[in-house]
Amino acid sequence: RKYRNIFKTSFKEGKIIYIDFVSLEPRVMRKLGGFDCSGDIYEEIAESLEIDVDRSIIKQAVISAVYGSSKKALYNKMSKDKVDQLCDFIHDYLKVDPCLEMAQESSEKDCRTNFWGRPLWNKGASETNVILNNYVQSTAVDIALSGFSKLVEKIDLKRAKPLFIIHDALMIDVEESYLNNIVNFVSQGYDCSILENFPLSIEDLNGTKY
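So, how was this worked out
Residues numbered from 1 in each chain as written. Predicted model: local features only at pLDDT ≥ 70, side-chain atom pairs only at ≥ 80, totals over all residues. Heavy atoms only, no water. Helix = DSSP H or I, 4+ residues; strand = E, 2+ residues; numbered from the N terminus. Buried < 20%, exposed > 50% of the residue type's maximum accessible area, 1.4 Å probe, protein only. Areas by Shrake-Rupley, 256 points an atom, 1.4 Å probe, with all protein chains shown as cover. Lys, Arg positive; Asp, Glu negative; His and termini not counted. Charge placed at Lys NZ, Arg CZ, Asp CG, Glu CD. Disulfide = S-S within 2.5 Å. Pairing = 2+ DSSP bridges. Axes fitted to C-alpha atoms, helices over the stretch in contact; angles between N-to-C directions.

Participant: Got a minute to help me understand the overall build of the chain in this structure?
Facilitator: Check the secondary structure of the chain and you find seven helices and eight strands. Along the first, second and third principal axes, the C-alpha set of the chain runs to 55 × 45 × 30 Å. Put simply, the chain has 210 residues, and 44% of those count as buried. For the chain, the exposed area adds up to about 11400 Å²; of that, 49% sits on carbon and sulfur atoms. Looking at the chain, you have 27 positive and 32 negative side-chain charges, and the mean spots of the two groups are 6 Å apart.

Given below as structure tokens:
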């Protein structure tokens, strides 16, 4: 993010834009658990809580649940009781237990697999946070790759040039007069065949959202 302004458009009048999936990993967990979230995940959590919690703290707690990191850092920002209440809610909201069960059961002879059956070479791992995170991230990456593949099929490659993918984000060099077409495609999100719609966001290198 710090150095992305070094990239320059190849068009006489163009922009380099950044398209990414919105809250992909937590949304994947929610969907794998049999539930959906069509809006802002952090806003939905905030509205469901019985305590007042800053959005940044909710994000940190979600990251803790997805990546299996310690929640101890949150104790410096809220009382232990509130942190525990928040983390327990997010644990249930993200359907951590059903996702972990799926991750542990998705085993072939020599490896585990993600939701789509792609190999995960972590058969020797026993830590539940590692098993869960590998499963969710790998499943999410495949969704991102499939989504961006479908998006690239729609666009005019003479007026919009895909540059590279970083996990769940795609950078495209786009002719300015064609930008609205890209915005329209992105606004539709990605309709996954099994897990349904995943929203996308779009912004340019200056952080302007479209």
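That shown, we press on.
Participant: Looking at this structure, how should I read the state of the cysteines?
Facilitator: Disulfides are covalent bonds that link the sulfur atoms of two cysteine residues. Taken as a whole, this structure holds zero disulfides when the rule is applied. Between cysteine 111, a free cysteine, and cysteine 99, which holds the nearest cysteine sulfur, the sulfur-to-sulfur gap is 19 Å.

Participant: Help me understand the sheet that holds strand β8 (residues 200-204), please; the structure alone is not making it clear to me.
Facilitator: Hydrogen bonds between backbone groups are what pair the strands of a sheet, and the pairing can be parallel or antiparallel. Strand order in this open sheet of four strands is β4-β5-β1-β8, and the pairing throughout is antiparallel. A strand with exactly one partner marks an edge of an open sheet, and here the two such strands are β4 (160-166) and β8. Within the sheet, the average angular offset between the axes of one strand and its neighbour, ignoring direction, is 25°. As defined by bridge partners, β4 adjoins strand β5 (residues 169-175) across six bridges and the pair is classed as antiparallel. In the strand pairing of β5, isoleucine 165 is matched with leucine 170.

Participant: How should the pairing of β5 be read in this particular structure?
Facilitator: A regular strand places its side chains on the two faces of the sheet in alternate fashion. Within β5, six of the seven residues are buried, which leaves the element mostly enclosed by the surrounding structure. The pairing of strand β1 (residues 14-21) with β5 spans seven bridges and is antiparallel. Following the sheet pairing, isoleucine 16 is matched in β5 by aspartate 173. Where β4 folds back on β5, the antiparallel hairpin that results is connected by two residues, among which histidine 167 adopts a positive phi of roughly 55°.

Limitation: the analysis is restricted to geometry and does not speak to function.
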